[in-house]
Amino acid sequence: MGFTGSARLMLVLMVGSLWGMSMANKDWGSGFNHTGWGWGPYLPPNQTQGPNTINVGGSDNWHFGFNYTEWAFQNGPFYFNDTLVFKYDPPSNTTFPHSVYLLPNLWSFLTCDLRRAKMIANTTQGGGDGFHLKLNKWRPYYFACGERNGFHCNVGRMKFMVVPFFRWRH
């Protein structure tokens, strides 16, 4: 069973992405050799005993021009059964509308290709308490704003990915 060229490219991108995430997060554990590698009694800084509710973007909420990929790396790790809350202003004459799409794969995420994406929150669902999404599956979640045919995703940096971890029990 051979791989096509696009399947090989996807495999290389996935492996590279996972390797890059592991290198960026190498100090999440303290191993036996005290280099920051491996597993030990150390828990990541935001480790809690139960699920967290996390406001996407923190106090900045979900808006154009904020780097959500960087925000996700700085505020991770995210855990299984955590809830992400997307808050944004409803459409008006003074604000751009926003939405939340779940992208099907890494390639769609990297290129902001919304053709096979699923809208999970429309332009009005981010008001008030915001739109809540529970990370209830162990899989990569690729999020993006789908407004202006991907312009908010491409130029406005309104995209990020999350792979929830399982909580450690001691």
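Residues numbered from 1 in each chain as written. Predicted model: local features only at pLDDT ≥ 70, side-chain atom pairs only at ≥ 80, totals over all residues. Heavy atoms only, no water.

### A few points about the overall build of the protein
Next up, step 1: Along the protein, the regular secondary structure elements total four helices and seven strands.
Next up, step 2: Along the protein, helices and strands appear, N-terminal first, in the series α-β-α-β-β-α-β-β-β-α-β.
Next up, step 3: Among the 170 residues that make up the protein, the fraction classed as buried is 39%.
Next up, step 4: In the form shown here, the protein has an accessible surface area of approximately 10,100 Å², with 59% of it arising from carbon and sulfur atoms. (Helix = DSSP H or I, 4+ residues; strand = E, 2+ residues; numbered from the N terminus. Buried < 20%, exposed > 50% of the residue type's maximum accessible area, 1.4 Å probe, protein only. Areas by Shrake-Rupley, 256 points an atom, 1.4 Å probe, with all protein chains shown as cover.)

### A word on the environment of Asp 82
Next up, step 1: Relative to the helices and strands, Asp 82 is located in the loop between helix 2 (68-75) and strand 2 (83-86).
Next up, step 2: It is 9.8 Å that separates the C-alpha atoms of Asp 82 and Phe 165, two residues lying 83 residues apart in sequence.
Next up, step 3: Residues contacting Asp 82, with those up to four places away along its chain left out, are Pro 51, Asn 52, Ile 54, Leu 133, Lys 134, Leu 135 and Arg 167.
Next up, step 4: Looking at Asp 82, its side chain comes within polar contact range of the main-chain nitrogen of Tyr 79, at 2.8 Å. (Contact = heavy atoms within 4.5 Å. Polar contact = N/O pair within 3.5 Å; in protein donor to acceptor, adjacent residues only side chain to side chain.)

### Some thoughts on the sheet that holds strand 6 (residues 141-144)
Next up, step 1: The sheet built from four strands is open, its strands ordered 4-3-6-7 with antiparallel pairing. Of all strands in the sheet, those with a lone pairing partner are strand 4 (118-121) and strand 7 (159-162), marking the two edges. For this sheet, the mean inter-axis angle between neighbouring strands, taken without regard to orientation, is 30°.
Next up, step 2: Here strand 6 runs beside strand 7; their pairing, made up of four bridges, is antiparallel. Along strand 7, the bridge assignment pairs Tyr 142 with Met 161. (Pairing = 2+ DSSP bridges. Axes fitted to C-alpha atoms, helices over the stretch in contact; angles between N-to-C directions.)

### Looking at the pattern of salt bridges
Next up, step 1: Per the counting criterion, the structure on display carries two salt bridges.
Next up, step 2: Between Arg 167 and Asp 82 there is a salt bridge; the shortest N-O distance is 2.7 Å. Taken as a pair, Arg 167 in the segment after strand 7 and Asp 82 in the loop between helix 2 and strand 2 lie far apart in primary sequence, 85 residues in all. The same class applies to Arg 167 and to Asp 82, which are both buried. (Salt bridge = Lys/Arg side-chain N within 4 Å of Asp/Glu carboxyl O.)

### Considerations on the nonpolar core
Next up, step 1: Ranked by internal contacts, the top residues of the largest apolar core, which has 24 residues, are Trp 62, Leu 84, Phe 86, Phe 143 and Phe 160.
Next up, step 2: Within the residue set of this core, elements represented by two or more residues are helix 2, strand 2, strand 3 (100-103), strand 4, strand 5 (131-134), strand 6 and strand 7.
Next up, step 3: With three residues, the top contributor of residues to this core is helix 2.
Next up, step 4: Membership of the second largest hydrophobic core comes to 11 residues, among which are Tyr 101, Leu 106, Leu 114 and Ala 144. (Core = buried A, V, L, I, M, F, W, Y, C linked by side-chain atoms within 4.5 Å.)

### Some details on the pairing of strand 5
Next up, step 1: Where burial is concerned, the two faces of strand 5 differ: the one with Phe 131 and Leu 133 is buried and the one with His 132 and Lys 134 is not.
Next up, step 2: Examined bridge by bridge, strand 2 and strand 5 share four bridges and lie antiparallel to one another. Each residue of the ladder has a partner; that of Thr 83, found in strand 5, is Lys 134.

### Regarding the packing of aromatic side chains
Next up, step 1: Counted by the stated rule, this structure contains 15 aromatic pairs.
Next up, step 2: For the ring pair Phe 80 and Phe 166, a centre distance of 5.3 Å and an interplane angle of 40° mean the geometry is tilted. Taken together, the residues span a long stretch of sequence, with Phe 80 in the loop between helix 2 and strand 2 and Phe 166 in the segment after strand 7 at a distance of 86 residues.
Next up, step 3: Judged by relative accessible area, which is 48%, Phe 166 ranks as partly exposed.
Next up, step 4: Judged by centre distance (5.4 Å) and plane angle (55°), the ring pair of Phe 86 and Phe 143 falls under tilted. You can see Phe 86 sitting in strand 2 and its partner Phe 143 sitting in strand 6, a full 57 residues away along the chain. Neither Phe 86 nor Phe 143 differs from the other in exposure class; each is buried.
Next up, step 5: Through a chain of ring-to-ring contacts, three or more aromatic side chains come together here, namely Trp 62, Phe 66, Tyr 68, Trp 71, Phe 78, Phe 86, Phe 131, Tyr 141, Phe 143 and Phe 160.
Next up, step 6: The ring centre of Tyr 141 lies 4.5 Å from the NZ or CZ of Arg 139, which sits over that ring.
Next up, step 7: Sitting over the ring of Phe 109, Lys 159 keeps its end group 4.9 Å from the ring centre. (Phe/Tyr/Trp six-rings, centres within 6.5 Å; stacked < 30°, edge-to-face > 60°. Lys NZ or Arg CZ within 6 Å of the ring centre and 35° of its normal.)

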